[in-house]
Amino acid sequence: MKLKIGSLELATNLCLSPLAGYTNLPFRRVIRELGGCGLATTDLVNARSLLEKNKKAWELVRSCPADRPLAVQLYGTVPGEMRDAALMLAARGVDVVDVTMGCPVRKICRHGGGSALLGDIAKATRLVATMTAASPVPVTCKMRLGVDEANLTAPELARALEAAGVA
């Protein structure tokens, strides 16, 4: 069964998820050579680092024509920065921009990014709505069930994100 993400139709429904420290260009190319990968996603990258032209950040999203279709996973909390990073990525040929709302790592969450966004549906929705209104490529969100077992926000958040234009 083929999978559609916005206007992008994938050859297969099998996707390479982002894996911190692994999903760099050489790894993605090896996976693609094995076959069957409909979409590969980069390691998460900080939107502000891309905007500041940080060399390490741009290395995380390095790609080539054989590495398509490609999603870049962004994290951040400032809507304008996330929007601008998405626009930069789209201009470089990225097919999908994915917002991480799943990363539980302290250094990501302590600033309100990653899975911390699960606890503030209004903030997460504003962030994504700003991106989807401007992005020429589909915007997706990776998320967990909730902040913790007592706060399973995924159903409500998914509905809000869909209304905000998430593909």
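Relevant structure appears above.
I will try to describe carefully the structure that is included in this document. (Residues numbered from 1 in each chain as written. Predicted model: local features only at pLDDT ≥ 70, side-chain atom pairs only at ≥ 80, totals over all residues. Heavy atoms only, no water.)

One water molecule sets the probe size; rolling that probe over the atoms shows where empty space is left. As a volume, the largest pocket reaches approximately 400 Å³. Forming the walls of the largest pocket are 21 residues, and the residues nearest its centre are D43, L44, Y75, K107 and I108. Elements with a minimum of two residues in the lining of the largest pocket: β4 (39–46), α3 (55–60), β5 (70–75) and α5 (106–109). When residues of the lining of the largest pocket are assigned to their parent elements, the largest contribution, 4 residues, is made by β4. The residue inventory of the lining of the largest pocket, partitioned by class, reads 12 nonpolar, 4 polar and 5 charged. Space inside the second largest pocket adds up to approximately 210 Å³. Around the second largest pocket sit N46, R48, Y75, G76, T77, V78, E81, K107, I108, H111 and G113, which together line it. Partitioning the lining of the second largest pocket into residue classes produces 3 nonpolar, 5 polar and 3 charged. (1 Å grid on protein atoms, 1.4 Å probe; cavity = no way out; pocket = protein on both sides within 12 Å on 5 of 7 lines; lining within 4 Å. Points joined across faces, edges and corners; volume = space filled by probe spheres on them. Helix = DSSP H or I, 4+ residues; strand = E, 2+ residues; numbered from the N terminus. Nonpolar A, V, L, I, M, F, W, Y, C, P; charged D, E, K, R; others polar.)

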